Each structure stands twice: as C-alpha cells, then as structure tokens.
Amino acid sequence: MEGGIRAWEGLVAEGPPEAGTVYFPDTAGAKELIGLAWSLEEGSRRFYSELAGVLSDEEGIGIFRDLTAAEEHHKDSLMDLLHNIAGAESAADFPESLADPDEARDVMEGGMRISTALQWAQGKPLGMILEIAMSLETNSYDLYIKMYLKIEDQRSRNVFGLLAGEEKLHLEKLAALLERKI
Amino acid sequence: MGILNYFKPVSVMTAEEVREFLKNKNPGEYNLIDVRQPLEYERGHIPGAQLIPLGELRDHISAIDPSKPTITY
C-alpha cells in the first residue's frame, strides 16, 4: 500500500496481535468459543441498550436501538450454531455454564468493561459517544477477523466470518451518522 | 531467493484502492501484513492485519498463503 499507514484514512484497531484473543483460548472447543462470543455480544447489547435510554438525539437513539437489535440477532445466530454443533440439550444452560457469570456480564466487544464505558459516556456529546462506539466495533471487527483466520473448525470459522461481516456493517452505519453529526 | 526476483515488479495500490479491495473481499481471500514494529502495530493497525515485522518476514514466510493476494504496509 502506497504511503503506508499514514495514507490510511480509515478506521484503525488498537492493541497487540493477541488483544482480545485471550477471550478465546487455543484450548477452547467450538462450544466454548460460541459461549465466549455470545457473552461479548450480550455485553455490547447491554451497552447500546443503555445508551439508547439516556441519549436525547433522535438519530442517536435510533442507531443505538438498531445496534441493540443487531447484537440480539448475533446472539441468536450463535445459539443456532450451538444447536447445530452440540444439540438442544447442550444449549439448555448456555451460556452460564461456560463463563464466569459476573466477569462475563461486565465485558463487551472491544474488551472494555460495560460499567466503565457507561460511566464515561455520562454527559458526553453524541459525537464522542459515536467515536467510542466505532473504536469498540473496530477492535471487535479486528478480533473476529483474527479468530476467523485462526480457527480450523469450519463451522466456528463461519460464525466468526459472519460476525466480522456484521461488525463491518455496524461501522458503516456509525460512520455515516458521525459524519452527519460533526 | 533468485537474483531475478529482485527485478520482479510489485504492484502498488493507493490507500483508497486498498480500502475498496478490503471492502469487497472476505478476510480469507487475502493476506494483509503489517511489516512495522510491534509498538507501531499496537498504536493502530488496519483491522485484520497480521503483524510480521520486516526483519522477520523470511522466518514467517510460511504464514503467508502464496495462493492469495498479499497486501503489505
């Protein structure tokens, strides 16, 4: 690429190569990976839902409601995958059986703690909130691509590929709104 | 690497062309390699880029699938 990273005017992800992959250890099987991804998606859903509840800008409320619904859809996709891989019985206590509930409930995509992010967002203008959401989604996109390339199980790989594609769409929506608002 | 490889032309894409390329491809269809140092990568990298510092490329050449287009920066 001519000009290197300086010429790149698009979004950049931050963190070392292994960032985020700590949530998806090498020893984890497909079921665990799905559970971990589900937890992150649920975290982001909660974050976006809370934001939609405190903003006053109608367009901002709208996009975060859309993102809340999108994260719910991602969770459904992951549940469907779990059913296909492990059967309905295995999914009965999902995902509580797979992760430390308290830890999992406060983490969202991008690795940030929900409580930290919500506290930060208090009183911030919509533009700044959109920027942080884009940063989180970019890091999430980066992580899902890395997982897609790393995982050998084709079914799990397909899920991470799907999630990466969805994150890309989220970013486009957020970027479009940010451009209108700044 | 044979000496003639030094004369093999390498395509150059603008950042906009790379952006368009990445937009229209799935991550499994290309190699995207960041050849900078780890700290530079940490500060900001194109999503999905694999870090292989320039001095280590030869040692990690097997990580690059030759059947796919490779973009480096």
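Residues numbered from 1 in each chain as written. Chains lettered and ligands numbered in written order. Predicted model: local features only at pLDDT ≥ 70, side-chain atom pairs only at ≥ 80, totals over all residues.

Draft legend 1. Here's a closer look at the overall build of chain B. What chain B contains, in helices and strands, is two helices and three strands. Mapped in sequence order, the helices and strands of chain B form the string α-β-α-β-β. Buried residues in chain B amount to 22% of all 73 residues. Nonlocal contacts in chain B, meaning residues at least 24 apart in sequence, comprise 38% of its contacts between residues at least 6 apart. (Helix = DSSP H or I, 4+ residues; strand = E, 2+ residues; numbered from the N terminus. Buried ≥ 20, exposed ≤ 12 C-beta atoms within 10 Å, placed from the backbone. Contact = placed C-beta atoms within 7 Å.)

Draft legend 2. How the structure looks around the confidence of the model for chain B. Mean pLDDT over chain B stands at 89; residues scoring 70 or higher make up 88%. Of all helices and strands in chain B, the one with the weakest mean pLDDT is helix H1 (residues 15–23) of chain B (92), whereas strand S1 (residues 31–34) of chain B scores best (96). (pLDDT = per-residue confidence, 0-100.)

Draft legend 3. Up close: the interface of chain A and chain B. Counting from both sides, the interface comprises 25 residues of chain A and, opposite them, 21 residues of chain B. Tallying contributions element by element places helix H6 (residues 126–150) of chain A first for the side of chain A that touches chain B, with seven residues. Across the side of chain A that touches chain B, the residue classes tally to 14 nonpolar, six polar and five charged. (Nonpolar A, V, L, I, M, F, W, Y, C, P; charged D, E, K, R; others polar.)

Draft legend 4. The environment of Leu-174 of chain A, seen in detail. Residues and elements named next belong to chain A. When you line up the elements, Leu-174 lands in helix H7 (residues 154–181). By the C-beta count within 10 Å, which is 23 here, Leu-174 ends up buried. For Leu-174 and Glu-137, which are 37 residues apart along the polypeptide, the C-alpha to C-alpha distance reads 9.4 Å. What Leu-174 contacts, discounting residues up to four positions off in sequence, is Ile-63, Leu-130, Ala-133, Met-134 and Glu-137.

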